[in-house]
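# Residue-level structure breakdown
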Amino acid sequence: MAPTRRPSDGLLARVNFPLYAVDMLTSRHILVAGGGGSSKTGVANGFEIYELYHNGSHFCAEEVLRHETGANVVMNFAVRNSGRRAYLCAGQEAHCQMYFVQPRIASEDETDRDRKPAPVERPHENGVRQRGASHSGVEALPNGHNRPSNNKPATADDILKQFQRLHFDIQAADVVQTDFLSSAEPLQRVVRISGNGQLMATGGTDGQLRIWSFPQIKLSAQLAAHTKEIDDLDFSPDCKYIVSISKDAQGIVWDLSTGKQHHKLQWQTPEGAKYLFKRCRYGTVEAHKDNYRLYTIANPFGKVGKQRGYLQQWDCASGQLRAAVPIDESLSSLAVRDDGRFVAVGTMFSGSVSMYIAFSLQRVLHIPHAHSMFVTGLQFLPITNEEGPPISSDTEAAVLSISVDNKVCIHSLPQRRTIPAWLAILFMIVMIFVVFVFCSYIGI
């Protein structure tokens, strides 16, 4: 039975607008986006950035940046961190807006100012600290340990005062129209950046898969991929293929070198029912970086009864379905950890989050009712940190979840205890010896 949430997990932050997209801006910073749309509801549109740390007891987050985007709600985005600066490509209606996110080292005066208590401190829950309005983010680079010497959970000031701080400057750059539906309002549904940082792909309501050069955004290919709107895209880790899924019930893998279809995702649906693919993600095979698999989630079409959603694993060489596990309700979101070890899914109706071992699709963590509404996004915490030491904790894996209930939550899998190989071998030798002695005693 999969373990349920530990008491220290749960709410990290609460914002004042619905959330639709989440990613890691750096290995220590969470970027979330959403909004209330262009109507005059008083609900803001934009981004928020939270700095994540572990206080020796549980994960905590501190709000460090808020950037509003006016009347443009951010429904999707992709991040590419080049080290010197990050590129943020945000879907805003029928357009893709690029932002430059430029880090800079804070001066001593700015650092001292940051370390002082915020002038406006709103109530916090489960370690959530929220500052007053701010337009610059910070990155924490540890030169000490998060856990204090007396082993008591550290406060945010105890931890953050050990760190050198970075500020972020956000600047709007190029904007391109990426969807051209003529019969209704055009809308970009998804944007992805390839692992090598050379390509960007977009899909939306007109069903066209568009491939762009990156970071100089110029259209390089346009594929008439689907007859209905595209729900999701993903580049393969080797950047040779891209998969697209759509409301036309098709899942198609495309060869980027030729622009032609490589194969379709086809499977024997239960009882002949119609299913729609909802999300797709590639994941490397653990310990085999040159190999990878494709994961999808699929939901029954037009029915919400006892029919189940499915988490699926595909062989990328043959295009065949390798494994599938049924889940008691329709699914809304999917994430795969960078090393390919874990997969997470979020549900449509109960707002639950589950984590699975990627190669076997065995569930190892289940968080029922993590959110009060459907889960709109999931993102694993990175296991490596190119900018500095990783956030230390006693967890084997941790995944972030967001929803239109305005909450950012975290769910962690405790370290699973295993028997060392030498101890297992010793146990087997002892058991063989005991059996041999017993058989000799009874004369067998």
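Residues numbered from 1 in each chain as written. Predicted model: local features only at pLDDT ≥ 70, side-chain atom pairs only at ≥ 80, totals over all residues. Heavy atoms only, no water.

### A look at the nonpolar core
Most often, soluble globular proteins keep nonpolar side chains buried together rather than apart. In terms of nonpolar packing, the biggest core is built from 20 residues, with Leu 12, Ile 30, Val 32, Leu 381 and Ile 410 touching the most fellow members. Elements with a contribution of two residues or more to this core: β1 (10-14), β2 (19-26), β3 (29-35), β4 (45-54), β5 (59-68), β29 (395-403) and β30 (407-414). (Core = buried A, V, L, I, M, F, W, Y, C linked by side-chain atoms within 4.5 Å. Buried < 20%, exposed > 50% of the residue type's maximum accessible area, 1.4 Å probe, protein only. Helix = DSSP H or I, 4+ residues; strand = E, 2+ residues; numbered from the N terminus.)

### As for the sheet that holds strand β23 (residues 321-327)
Pairing within the open sheet is antiparallel, and its 4 strands lie in the order β20-β21-β22-β23. Bordering the open sheet on either side are β20 (275-285) and β23, each of which pairs with just one other strand. Adjacent strand axes in the sheet meet at a mean angle of 20 degrees when their direction is disregarded. Relative to β23, strand β22 (residues 309-315) runs antiparallel, the two being bridged by 6 bridges. Across the sheet, the residue bridging to Trp 314 is Leu 321, located in β23. (Pairing = 2+ DSSP bridges. Axes fitted to C-alpha atoms, helices over the stretch in contact; angles between N-to-C directions.)

### With respect to the pairing of strand β19 (residues 260-264)
Inspection of the sheet shows strand β18 (residues 251-255) paired to β19 by 4 bridges, in the antiparallel sense. If you follow Ile 252 over to β19, its bridge partner there is Lys 264.

### Concerning unusual backbone geometry
Of note, the bond from Phe 214 into Pro 215 is cis; its omega dihedral lies within 30 degrees of zero at 5 degrees. For Cys 239, which is not a glycine, the phi torsion comes out positive at approximately 65 degrees. Under the relative-accessibility criterion, Cys 239 is labelled buried at 15%. In the Ramachandran plot, Leu 361 falls in the positive-phi region, its phi being about 55 degrees despite a non-glycine side chain. When you line up the elements, Leu 361 lands in the loop between β26 (353-357) and β27 (362-367).

### Structural notes on the environment of Ala 221
The residue Ala 221 is located in strand β15 (residues 219-223) in this model. On a C-alpha basis, the gap between Ala 221 and Thr 258 in space is 10.0 Å, while along the polypeptide they are 37 residues apart. Apart from the residues lying within four places of it in its own chain, the contact partners of Ala 221 are Leu 209, Arg 210 and Ile 211. (Contact = heavy atoms within 4.5 Å.)

### Side note on the pairing of β3
Sheet faces and side chains relate simply in a regular strand, where the side chains alternate between the two faces. Counted residue by residue, β3 has 7 buried out of 7 residues, so it is predominantly covered. Here β3 shows no split at all, with His 29, Leu 31, Ala 33 and Gly 35 on one side and Ile 30, Val 32 and Gly 34 on the other all buried. The pairing of β2 with β3 spans 6 bridges and is antiparallel. Of the residues in β3, the one forming a bridge with Met 24 is Ile 30. Between β2 and the antiparallel strand that follows it, β3, lie 2 residues.

### Things to note about the sheet that holds strand β24 (residues 331-336)
Taken in spatial order, the 4 strands line up as β24-β25-β26-β27 in an open sheet, and their pairing is antiparallel. Strands at the two margins of the open sheet, each flanked by one partner only, are β24 and β27. The average undirected angle you get between the axes of adjacent strands in this sheet is 20 degrees. In the sheet, β24 pairs with strand β25 (residues 342-347) via 5 bridges, with the strands oriented antiparallel. Across the sheet, the residue bridging to Leu 331 is Thr 347, located in β25.

### Regarding a nonpolar patch on the surface
Where nonpolar side chains cluster on the molecular surface, the patch consists of Trp 422, Leu 423, Leu 426, Val 430, Phe 433, Val 434, Phe 436 and Val 437 and spans about 800 Å² of accessible area. Tracing the chain through its elements places Phe 433 in helix α3 (residues 421-441). Note on Phe 433: relative accessible area 55%, which makes it exposed. (Patch = residues over 30% accessible without salt bridge, like charges linked within 9 Å, V, L, I, M, F, W, Y side chains within 5 Å. Areas by Shrake-Rupley, 256 points an atom, 1.4 Å probe, with all protein chains shown as cover. Salt bridge = Lys/Arg side-chain N within 4 Å of Asp/Glu carboxyl O.)

### Quick word on the confidence of the model for the chain
Interpretation of this model should avoid reading the predicted coordinates in detail wherever pLDDT is low. For the chain, the average pLDDT comes to 84, and 79% of its residues sit at 70 or higher. Considering only residues more than four positions removed or in separate chains, one finds that residues 3-8, a stretch of pLDDT under 50, has 18 contacts. This model gives residues 116-150 a pLDDT under 50, and the stretch forms 99 contacts once residues within four places in sequence are excluded. (pLDDT = per-residue confidence, 0-100.)

### Some remarks on the packing of aromatic side chains
Applying the stated criterion to the full structure yields 9 aromatic pairs. With a centroid separation of 6.4 Å and 70 degrees between ring planes, the pair formed by Phe 47 and Phe 77 is classed as edge-to-face. Placement of Phe 47 in strand β4 and of Phe 77 in strand β6 (residues 76-81) is noted, with a sequence separation of 30 residues between them. Phe 77 carries the same exposure label as Phe 47, and that label is buried. On the basis of an interplanar angle of 85 degrees and a centroid distance of 5.6 Å, the ring pair of Tyr 282 and Tyr 292 is categorised as edge-to-face. Within this pair, whereas Tyr 282 is found in strand β20, its partner Tyr 292 is found in strand β21 (residues 288-300), the two being separated by 10 residues in sequence. Assigned by exposure class, Tyr 282 and Tyr 292 land together as buried. An aromatic cluster of at least three residues, connected via ring pairs, comprises Phe 47, Phe 77 and Tyr 99. (Phe/Tyr/Trp six-rings, centres within 6.5 Å; stacked < 30°, edge-to-face > 60°.)

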